[in-house]
Structure formats: structure tokens, C-alpha cells
Amino acid sequence: GLRACFLPKISMEAAGSGCHCHMSLWKEDGSNILTSDSPSETALSISFFAGILQHLPALMCFTTPSPNSFRRIQPSTWSGAFQCWGRD
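Residues numbered from 1 in each chain as written. Predicted model: local features only at pLDDT ≥ 70, side-chain atom pairs only at ≥ 80, totals over all residues. Heavy atoms only, no water.

A. Quick peek at the overall build of the protein chain. Each helix and strand counted, the protein chain has three helices and zero strands in total. Helices and strands in the protein chain line up, N terminus first, as α-α-α. Counting all 88 residues of the protein chain, 16% fall into the buried class. For the protein chain, the share of sequence-separated contacts (at least 6 apart) that also reach a separation of at least 24 residues comes to 35%. Carbon and sulfur atoms make up 61% of the accessible area of the protein chain, which totals about 7,300 Å². (Helix = DSSP H or I, 4+ residues; strand = E, 2+ residues; numbered from the N terminus. Buried < 20%, exposed > 50% of the residue type's maximum accessible area, 1.4 Å probe, protein only. Contact = heavy atoms within 4.5 Å. Areas by Shrake-Rupley, 256 points an atom, 1.4 Å probe, with all protein chains shown as cover.)

Written out as C-alpha cells, the structure reads:
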């Protein structure tokens, strides 16, 4: 009796499907800059995420490609209603 649906959210009472990204930033030697405690690399990490956050409205064409996706972006709906970042 169940059917698959790939709409972002078909019911306000149920979880929906969405887009989230895991990112890494690597140096030429293969080390991940985003996990470093070095002050210079931390500054680069902050700049990296600041650039992503600055361009987030434009990136919504990829993360919310349909009118239904865009309408879902509001507070208290488990969607990306705010510009923020954090470590896993």
C-alpha cells in the first residue's frame, strides 16, 4: 500500500527528503584544512565557509529546484531556512 514519492515534503507531519552537503578542503599534501587547528588554516576555513554562505541564495537553484522545494524553506520544518554551518 505504500508508494515512493520524491517530492521534498508531501506532509507537514512527516519528514521530507532534502539536500545537504558534506564538504572538505584539501591541501596539496593531502591534509584536510577543515580539520586543522593551525591559525592560518583556520582563517582559510573561515573564508571558505564565508564564501559558501555568501553565495547560498544563488546555490538554492541546486538545493531547491522546484516551487514545492522552495515553499518548504521556512523555520520549524527541518529545512535549510537559515544560513549556518557546523562541524559533524
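Resuming the write-up.
B. Seen up close, the side chain of serine 45. Position of serine 45 relative to the elements: it lies in helix 1 (residues 39–54). Residue serine 45 is classed as buried on the basis of its relative accessible area of 8%. The contacts of serine 45, once residues within four sequence positions are left out, are Ile33 and Leu34.

C. Quick peek at the side chain of asparagine 32. With respect to the element layout, asparagine 32 can be found in the segment before helix 1. The exposure class of asparagine 32 is buried, given its relative accessible area of 19%. Here leucine 34 takes part through its backbone nitrogen, which lies 3.0 Å from a polar atom of the side chain of asparagine 32. Once residues lying within four places of it in the same chain are set aside, the contact partners of asparagine 32 are Ser24, Leu25 and Trp26. (Polar contact = N/O pair within 3.5 Å; in protein donor to acceptor, adjacent residues only side chain to side chain.)

D. Representation of the environment of glycine 80. Topologically, glycine 80 is positioned in the segment after helix 3 (67–72). Along the chain, glycine 80 and threonine 63 lie 17 residues apart, while their C-alpha atoms are 9.4 Å from each other.

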